[in-house]
Amino acid sequence: MGKILDGKAVANLLAQNLKEKVKKLKSEGIVPHFCVINIGDDPASKIYVRMKKRRAEKIGIVQDVYQLSADTSQEEALKLIDKLNSDPKINGVMVQLPAPDQIDADELLARINPDKDVDGLTPANTGRLWMDNHFVEPATAEGIIELLKHYHISLAGKNVVIIGRSNIVGKPLAALMLEQDATVTIAHSKTQNLEDLTKHADIVVSATGQAFLVTADMIKDGAIVVDVGINHVNGKLVGDVDFENVKEKASYITPVPGGVGPLTVQFLMEAVVKLTRRQNDRR
Ligand code: NAD
């Protein structure tokens, strides 16, 4: 049976270290402070915003939430981002996605000052990620890299299949894994014969939002399986992976919940602290 990659435990361990970094900043008169802009009433978004707030408070970071109504215009949202960009007390800005239909989320992301881009999703920081000169990384991708590192799982020379090509998870994770000398394949909804790819993979990462997509017959013995998916099936939270069966074949596997999720929130906080330090060192 595979060993559990305990994201929750790793995130809590890292939170202790981050607290110390925040203490040091505070001793210099600096309090990390970031803003989450949430537009509309998506129920999952509200839960995520609350989870962030809880972890921010635990670590000593100030998180402001700008809850905007579902009929907010693009102009109003852009104006708020401009205001936060130019406020020297604010170290980080992020837009909680998804946004309502009238909002062009890409334009909002592009408006965030890259120096305050805690999600690492501005075009400038996405470019830096692929050019190996980044100073902030999308939290889920960075969280997965650090989780593997914590368990001494090296990426060099490994065959990795990432299922899902989103800007938020699949693509940035591919960039970070390439940087660590993995051979990376990105699969997606139009990929044919997915199992032909996954069967040869040393590491399979699934980030699709399709429950039970990854089954035991799709992975090789001893593979490492990272499940990013968040799905609700019959009132239960599950990932993309058929956990009960895949865990028998995998050497390591992340559970859902308690795997990648807590690391995402932790690495958002790491990004806030990193950007705060960077801004103050440059002053
Ligand atoms: P997305 O909808 O932007 O992208 C999904 C990707 O999966 C697409 O690239 C699509 O081509 C691919 N896909 C869909 N069905 C597929 C199939 N049958 N076979 C192969 N590929 C398929 O989603 P996202 O924002 O990247 O999120 C993906 C999942 O991860 C969601 O469940 C989301 O809730 C979850 N998520 C979790 C965390 C976390 O911290 N645990 C963070 C971000 C996203």
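Everything numeric here is computed off the predicted structure, so don't read it as measured data.

Let's talk about the overall build of the protein chain
Then, in step 1: For the protein chain, the count of helices and strands is ten helices and eleven strands.
Then, in step 2: Computed over C-alpha atoms, the radius of gyration of the protein chain comes to 19 Å, within 12% of the 19 Å expected from 2.2 N^0.38 for 283 residues, which places it in the range of a compact globule.
Then, in step 3: Each principal axis of the C-alpha atoms in the protein chain carries an extent, and together these give about 55 × 40 × 35 Å.
Then, in step 4: The buried share of the protein chain, reckoned over its 283 residues, is 42%.
Then, in step 5: In the protein chain, once contacts between residues fewer than 6 apart in sequence are set aside, the share between residues at least 24 apart is 70%.

What about the environment of Ser189?
Then, in step 1: One can find Ser189 in the loop between β6 (183-187) and α8 (194-198).
Then, in step 2: Judged by the 10 C-beta atoms lying within 10 Å of it, Ser189 falls in the exposed class.
Then, in step 3: Ser189 sits 24 residues away from Arg165 along the chain, and the two C-alpha atoms are 8.9 Å apart.

Quick look at the environment of Gly261
Then, in step 1: If you trace the backbone, Gly261 turns up in helix α10 (residues 260-282).
Then, in step 2: Residue Gly261 is classed as buried on the basis of its 24 C-beta neighbours within 10 Å.
Then, in step 3: In sequence terms Gly261 and Val228 are 33 residues apart; their C-alpha atoms lie 7.4 Å from each other.

Details of the site of the ligand
Then, in step 1: The environment of the ligand is formed by 25 residues, the closest being Ser166, His188, Ser189, Gly209 and Thr264.
Then, in step 2: If one sorts the elements of the shell around the ligand by residue count, α10 sits on top with three residues.
Then, in step 3: Class assignment of the residues belonging to the shell around the ligand gives a composition of ten nonpolar, 14 polar and one charged.

Some details on helix α3 (residues 74-85)
Then, in step 1: The end-to-end C-alpha separation of α3 is 16 Å, in line with the 16 Å expected for twelve residues at 1.5 Å each.
Then, in step 2: Where α3 is concerned, the buried positions are Ala77, Leu80, Ile81 and Leu84. Seen from one end, α3 has its buried residues packed into an arc of 100°, which puts them on one side. Turned more than 90 degrees away from the buried face of α3 sit Glu75 and Lys79, all of them exposed.
Then, in step 3: Buried-residue contacts for α3 involve β2 (33-39), β3 (62-68), β4 (92-96) and α4 (105-111).

A few points about the sheet that holds β6
Then, in step 1: Pairing is parallel across the open sheet formed by six strands, whose spatial order is β1-β11-β8-β7-β5-β6. For this open sheet the edge positions go to β1 (3-4) and β6, each flanked by a neighbour on one side alone.
Then, in step 2: Pairing analysis gives two bridges linking strand β8 (residues 224-227) to strand β11 (residues 252-253), with the strands arranged parallel. Bridge pairing in β11 places Ile224 opposite Tyr252.
Then, in step 3: Relative to the sheet, helix α7 (residues 170-179) contacts β5 (159-163), β6 and β7 (203-206), its axis offset from that of β6 by approximately 170°.

Comments concerning the domain arrangement of the protein chain
Then, in step 1: The domain boundaries assigned to the protein chain delineate domain 1 (30-113) and domain 2 (139-261).
Then, in step 2: Spacing between the C-alpha centres of domain 1 and domain 2 amounts to 28 Å.

Describing the UniProt feature "domain: Tetrahydrofolate dehydrogenase/cyclohydrolase catalytic" (unreviewed entry) in the protein chain
Then, in step 1: Per the UniProt annotation, the sites labelled "domain: Tetrahydrofolate dehydrogenase/cyclohydrolase catalytic" (unreviewed entry) are residues 5-119.
Then, in step 2: Structurally, residues 5-119 comprises 50% helix and 17% strand, and the distance from its first C-alpha atom to its last is 24 Å.

Considering the sheet that holds β2
Then, in step 1: Pairing is parallel across the open sheet formed by three strands, whose spatial order is β3-β2-β4. The strands lining the two open edges of the sheet, one partner per strand, are β3 and β4. Going across the sheet, the axis of each strand differs from the next one's by a mean of 20°, ignoring polarity.
Then, in step 2: Sheet analysis places β2 next to β4, joined by five bridges and oriented parallel. Opposite Cys35, over in β4, you have Val93 as the bridge partner.
Then, in step 3: In the packing of helix α2 (residues 43-59) onto the sheet, contacts are made with β2, β3 and β4, and the angle to β3 comes to roughly 160°.
Then, in step 4: Across the face of the sheet, α3 comes into contact with β2, β3 and β4 while running at roughly 180° to β2.

Regarding the packing of helix α1 (residues 7-27) against α10
Then, in step 1: Running from amino to carboxyl end, α1 crosses α10 at an angle of 15°, the nearest separation of the two axes being 9 Å. In terms of their interaxial angle, α1 and α10 are classed as roughly parallel. In this structure, the crossing between α1 and α10 has a hand that is left-handed. For the pair formed by α1 and α10, the contact residues are Gly7, Lys8, Val10, Ala11, Leu14, Ala15, Leu18, Lys21, Val22 and Leu25 on the first element and Val260, Gly261, Pro262, Leu263, Gln266, Met269, Glu270, Val273, Thr276 and Arg277 on the second.
Then, in step 2: Class assignment for the residues of the contact of α1 with α10 results in twelve nonpolar, four polar and four charged.

Conventions and cut-offs
Residues numbered from 1 in each chain as written. Predicted model: local features only at pLDDT ≥ 70, side-chain atom pairs only at ≥ 80, totals over all residues. Helix = DSSP H or I, 4+ residues; strand = E, 2+ residues; numbered from the N terminus. Rg over C-alpha atoms; globule rule 2.2 N^0.38 Å. Buried ≥ 20, exposed ≤ 12 C-beta atoms within 10 Å, placed from the backbone. Contact = placed C-beta atoms within 7 Å. Near = placed C-beta within 6 Å. Nonpolar A, V, L, I, M, F, W, Y, C, P; charged D, E, K, R; others polar. Expected span 1.5 Å × (residues − 1). Arc of directions from axis to C-beta. Pairing = 2+ DSSP bridges. Axes fitted to C-alpha atoms, helices over the stretch in contact; angles between N-to-C directions. Domains from an automatic or database assignment. UniProt positions renumbered as here; feature names shortened; annotations may be inferred. Parallel < 35°, antiparallel > 145°, perpendicular 65-115°, else oblique. Left-handed = near helix turned anticlockwise from the far one by under 90°.

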